[in-house]
Amino acid sequence: MLIHTVMWKFCDAEGKTKAENIEIVKEGLESLITKVPVLQSIEFFKNEVVCDRNFDAMLVVRVLNEQALDAYKNHPEHQKVAAYVAKVTCGRAAVDIHGM
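Calculation notes
Residues numbered from 1 in each chain as written. Predicted model: local features only at pLDDT ≥ 70, side-chain atom pairs only at ≥ 80, totals over all residues. Heavy atoms only, no water. Phe/Tyr/Trp six-rings, centres within 6.5 Å; stacked < 30°, edge-to-face > 60°. Buried < 20%, exposed > 50% of the residue type's maximum accessible area, 1.4 Å probe, protein only. Helix = DSSP H or I, 4+ residues; strand = E, 2+ residues; numbered from the N terminus. Disulfide = S-S within 2.5 Å.

For any pair of aromatic rings, the description rests on two quantities: the centre-to-centre distance and the angle between the ring planes. This structure, assessed with the given rule, holds two aromatic pairs. Note on Trp-8 and Phe-10: the rings are 6.1 Å apart at their centroids and 65° apart in plane angle, and the pair reads as edge-to-face. Neither residue differs from the other here; Trp-8 and Phe-10 are each classed as buried. Between Trp-8 and Phe-44, the ring centres sit 6.3 Å apart and the planes meet at 20°, which makes this aromatic pair stacked. Here Trp-8 is found in strand E1 (residues 2-10), whereas its partner Phe-44 is found in strand E2 (residues 41-46), with 36 residues between them in sequence. One exposure class covers both Trp-8 and Phe-44, and it is buried. Three or more aromatic residues link up through ring pairs in this structure, and these residues are Trp-8, Phe-10 and Phe-44.

Now the structure itself:
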């Protein structure tokens, strides 16, 4: 199992507030579970504690292996959401680990 985690800092963009953009991205990413066959699971978490140093949201994706991760990243439905994410975020960090 490969666990792909991503954290973002969101901003006001695309005519939406930061909070609205977080919700739009959350809905878009969570909907991928029924559209991207290689996904084992996908979970989106919003930060609960206000702190300028914190990221605003985190995504945890579980796939079988690196090939499945590449398939997820390159899937057209993911690409649509990722294009929006790029427009409404101003910081990103990611870590990929092997886990259970």
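Here the narrative resumes.
Covalent bonding between the sulfur atoms of two cysteines defines a disulfide. Across all of its chains, the model carries zero disulfides by this definition. Lacking any disulfide linkage, Cys-51 is separated from the closest cysteine sulfur, that of Cys-90, by 15 Å. Its relative accessible area of 28% is what places Cys-51 among the partly exposed residues. As a non-bridged cysteine, Cys-90 has Cys-11 as the owner of its nearest cysteine sulfur, 4.3 Å distant. Residue Cys-90 is classed as exposed on the basis of its relative accessible area, which comes to 57%.

Structural measurements only, silent on function.
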